[in-house]
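This is what each chain is made of:
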Amino acid sequence: MWRDAWLVAGKDLRIELRSRVLLHQVLPFAALVLFLFAFALGPDHRVLSGAAPGLFWVAVLFLTVLAVQRSAAIEAGPGARDTLRLSGLEPPGVFLGKTLAVVVELAVVEVLLGVGVDLLYGAGIREPGLLVGASLAGTVGLAAAGTLYGSLTQSVRGRETLLPFLLLPVAVPVLLAGSHLWQAALRGRDVSSALSGAPVVGNGPWLALLTAFSLAYLALGVVVFGPIQEAP
Amino acid sequence: MPPALCLRGAVALAGRFPALAGVDLVAEPGEVVVLAGANGAGKTSVLRVLAGLLPLSGGEGQVLGVDLRSDRRQVRHLVGMVGHAAALYDELTVEENVRFALRAARGDLGRVGLALEVVGLGGRLRRTPAGRLSAGQRRRVDLAVLVARRPALWLLDEPHASLDQAGRALVDRVIKDAAAGGATVVVASHELSTVVPMADQVVTLGGGRVLEVWRPEGWAEGGAGATSQGQDEAPVVVAGGPGGRDVA
């Protein structure tokens, strides 16, 4: 399974590098989202830095939809599904490989988004470890859920609009936990304590929620990706 | 030795539509079986059942000793299929596509170069992105995967489509070599004048059923000696030539 996952991830990443969709479409879209939010919220740096964690994760959610649609499109050509089923690759390995490729793509975008948030919104990073941990856990969860729903909608008419309808509502836990943890990482305290001025407490449950979300969707994808591929 | 493939009363559904309505088919290792019949006769469905892609709803089936009803996924490791459309990754080169397919199938990567030479995709073409290939060249890439993998059962759906004269000759040579090497080859084709001379048996399908099975010894010389077997009938000598059989 892991061998197949590496093989599929390597293939997907190579295709993305060659197609330059990440460079020419996803990154400009991320920059556009940052600027639009900044315009919408006005020039007040306090408002912008306060909203930065939520804006970051909303932007990541939109970018996840793009990345997952692109990932699903790689296997969507005529006869591609049959070829994949006949390839000898284990379905759990295919799922994990495609998820891993989306994680890597999102991680690249998130680094640039994070830099943009810091520069544009003036959000200083106090706890980089927490920031990286929260981002990684949330990204894995989003990529796993996205890959799963992307495969579900692959053969459905109107899949481009159906995928966001399926993915965005279930991503609410990531949005909540990710925003809280980013808020804490940027200000050195969790949201409630940031508002009340109390010391840093209570990041553990949010991190646990992100981790549980990621593990749940990874496990679900490993189990059901095969049956989804076999569905008529 | 058990047959390479065996279908008994095979029934398969495409949605709610019965794609196969009780097909019997037996082939030995090293045989070339040609599936003939009009569009919608069930040729592709037979190939998909044999590949483990389409489940059996009724009847029995075995491929290389593996039960099609209980272990379809295992069958897929043993067969190689060239379908209507060559499903390649356009951004990857010809060689990268073949290498990926071979890695996925746990094949011998050392055969990639040879396979590409065999199908005429050596030299600069091997480094060409698949998206820039013609339909015929894409089909050759699909064939290269099979040549490199050497599966025990080859399933070819209209393999001559999109190919020029040299490409068609290449397909014929590859089929003959595969059969000579002990593989069983099942070819669905409308171009009987091309494939029947290579065939050990020709199975004519219609409406998801086998209409006729015949062994084309001497077919190329005018059909003398060709034998025919209808469903549930003893073999009989076919009267007349095979001229009317080509459904292309």
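Residues numbered from 1 in each chain as written. Chains lettered and ligands numbered in written order. Predicted model: local features only at pLDDT ≥ 70, side-chain atom pairs only at ≥ 80, totals over all residues. Heavy atoms only, no water.

With that out of the way, let us pick up the overall build of chain B. In terms of regular secondary structure, chain B is built from seven helices and twelve strands. Out of the 248 residues in chain B, the part that is buried amounts to 54%. In chain B, the proportion of contacts linking residues at least 24 apart, taken out of those at least 6 apart, comes to 61%. Taken as a whole, chain B presents about 10,400 Å² of accessible surface, with 50% of it coming from carbon and sulfur. (Helix = DSSP H or I, 4+ residues; strand = E, 2+ residues; numbered from the N terminus. Buried < 20%, exposed > 50% of the residue type's maximum accessible area, 1.4 Å probe, protein only. Contact = heavy atoms within 4.5 Å. Areas by Shrake-Rupley, 256 points an atom, 1.4 Å probe, with all protein chains shown as cover.)

What follows is about the layout of surface pockets. What the largest pocket holds in volume is close to 540 Å³. Residue lining of the largest pocket: 29 residues in total, with D82 and T83 of chain A together with M81, A87 and D142 of chain B positioned closest to the centre. Among the secondary structure elements, those contributing two or more residues to the lining of the largest pocket are helix 4 (80-86) of chain A together with helix 1 (43-50), strand 6 (79-82), helix 3 (94-104) and helix 5 (135-149) of chain B. Taken together, the residues that form the lining of the largest pocket break down as 16 nonpolar, eight polar and five charged. (1 Å grid on protein atoms, 1.4 Å probe; cavity = no way out; pocket = protein on both sides within 12 Å on 5 of 7 lines; lining within 4 Å. Points joined across faces, edges and corners; volume = space filled by probe spheres on them. Nonpolar A, V, L, I, M, F, W, Y, C, P; charged D, E, K, R; others polar.)

A few words now on the packing of helix 3 of chain B against helix 5 of chain B. Residues and elements named next belong to chain B. Here helix 3 crosses helix 5 at 40°, and the two axes come no closer than 10 Å. In terms of their interaxial angle, helix 3 and helix 5 are classed as oblique. Crossing of helix 3 against helix 5: the hand is right-handed. On helix 5, the residues touching V94, N97, V98, A101 and L102 of helix 3 are V141, A144, V145, A148 and R149. (Axes fitted to C-alpha atoms, helices over the stretch in contact; angles between N-to-C directions. Parallel < 35°, antiparallel > 145°, perpendicular 65-115°, else oblique. Left-handed = near helix turned anticlockwise from the far one by under 90°.)

Residue and element names in this part refer to chain A. On the surface, M1, W2, W6, L100, V104, V108 and L112 cluster together to form a nonpolar patch covering roughly 700 Å² of accessible area. Taken together, the elements giving at least two residues each to the nonpolar patch come down to helix 1 (2-19) and helix 5 (91-121). In terms of residue count, the dominant contributor to the nonpolar patch is helix 5 (four residues). In this structure, V104 sits in helix 5. Classification of V104 by relative accessible area gives partly exposed; the value is 35%. (Patch = residues over 30% accessible without salt bridge, like charges linked within 9 Å, V, L, I, M, F, W, Y side chains within 5 Å. Salt bridge = Lys/Arg side-chain N within 4 Å of Asp/Glu carboxyl O.)

Before going further, it helps to spend a moment on the pairing of strand 4 (residues 58-63) of chain B. Residues and elements named next belong to chain B. When strand 1 (residues 5-14) meets strand 4, the two strands line up antiparallel, connected through five bridges. Paired with L5 across the strands is V63, a residue of strand 4. The pairing of strand 4 with strand 5 (residues 66-67) spans two bridges and is classified as antiparallel. Bridge pairing in strand 5 links V63 to V66. Between the end of strand 4 and the start of strand 5, which pair antiparallel, lie two residues, with L64 showing a positive phi angle near 50°. (Pairing = 2+ DSSP bridges.)

Residues and elements named next belong to chain A. Using the residue numbers shown here, the UniProt feature "transmembrane region" (unreviewed entry) corresponds to residues 21-42, 54-73, 94-117, 129-150, 162-186 and 206-228. Here residues 54-73 is 100% helix and 0% strand, with 29 Å between the C-alpha atoms at its ends. Measuring from the first to the last C-alpha atom of residues 206-228 gives 31 Å, for a span that is 100% helix and 0% strand. (UniProt positions renumbered as here; feature names shortened; annotations may be inferred.)

If you look at the biggest cluster of nonpolar residues, it comprises 65 residues, and the most contacted ones within it are L89, L113 and Y121 of chain A. At 13 residues, the largest contribution of residues to this core is made by helix 3 (residues 45-74) of chain A. Core analysis: the next-biggest nonpolar cluster, separate from the first, contains 42 residues, V34, L121, V141 and V147 of chain B among them. (Core = buried A, V, L, I, M, F, W, Y, C linked by side-chain atoms within 4.5 Å.)

Residues and elements named next belong to chain A. Applying the stated criterion to the full structure yields four cavities of 30 Å³ or more. By volume, the largest cavity is sized at about 90 Å³. Residue lining of the largest cavity: V68, S71, A72, E75, L84, K98, T147, G150, S151, Q154, F225 and Q229, and that is the complete set. Of all elements in the fold, only helix 3, helix 6 (128-152) and helix 10 (204-230) reach the threshold of two or more residues within the lining of the largest cavity. Its boundaries defined by the atoms lining it, the second largest cavity holds a volume of some 50 Å³. In terms of lining, the second largest cavity is formed by E16, V21, L22, V26, L66, A67, R70 and E105. Those elements that provide at least two residues to the lining of the second largest cavity are helix 2 (21-41) and helix 3. By residue class, the composition of the lining of the second largest cavity is five nonpolar, no polar and three charged.

Residues and elements named next belong to chain B. Here we have four strands laid out as an open sheet, ordered 2-1-4-5, and antiparallel in their pairing. Taken across any chain shown, the strands that pair with only one partner, and hence form the sheet edges, are strand 2 (17-27) and strand 5. Both strand 1 and strand 2 contribute to a ladder of eight bridges, which runs antiparallel. Directly across from L13, in strand 2, lies its bridge partner P18. Docked against the sheet, helix 1 engages strand 1, strand 2 and strand 4, running at close to 65° with respect to strand 2.

Once that is clear, we can look at helix 3 of chain A. Taking 1.5 Å of rise per residue, the 30 residues of helix 3 of chain A would be expected to cover 44 Å, and the 41 Å separating its terminal C-alpha atoms lies within 8% of that figure. A52 of chain A marks the point of greatest bend in helix 3 of chain A, at about 50°, and the proline P53 of chain A comes within the next four residues. (Expected span 1.5 Å × (residues − 1). Bend = angle between axes of the 7 residues up to and from the residue.)

This brings us to the pattern of salt bridges. Taken as a whole and assessed by the stated rule, the structure comprises 22 salt bridges over all chains. Close ionic contact of R48 of chain B with D82 of chain A constitutes a salt bridge, the shortest N to O distance being 2.3 Å. Pair noted here: R48 of chain B is in helix 1 and D82 of chain A is in helix 4, and the two residues belong to different chains. Among the charged side chains, a salt-bridge network with shared partners connects D82, R85 and E230 of chain A together with R48, R72, R73 and R76 of chain B.

This part takes up the interface of chain B and chain A. Each partner contributes to the interface: chain B provides 23 residues, whereas chain A provides 28 residues. Approximately 2,100 Å² of surface area, both sides summed, lies buried where chain B meets chain A, with 55% of it carried by carbon and sulfur atoms. When the area that chain B buries against chain A is broken down by residue, the three leading residues are Y89, E91 and F100 of chain B, summing to 26%. Where chain B packs against chain A, one counts eight salt bridges. (Buried area = accessible area lost by both parts, 1.4 Å probe.)

Residues and elements named next belong to chain A. Scanning the model with the defined rule gives six aromatic pairs over all chains in all. Centre to centre, the rings of F56 and W57 are 5.3 Å apart; their planes meet at 90°, and the pair counts as edge-to-face. We note that F56, like W57, is buried. Relative to W182, the ring of F56 has its centre 3.8 Å away and its plane inclined at 20°; by these criteria the two rings are stacked. Taken together, the residues span a long stretch of sequence, with F56 in helix 3 and W182 in helix 8 (residues 172-187) at a distance of 126 residues. Taken individually, F56 and W182 each receive the classification buried, so the pair is uniform in this respect. (Phe/Tyr/Trp six-rings, centres within 6.5 Å; stacked < 30°, edge-to-face > 60°.)

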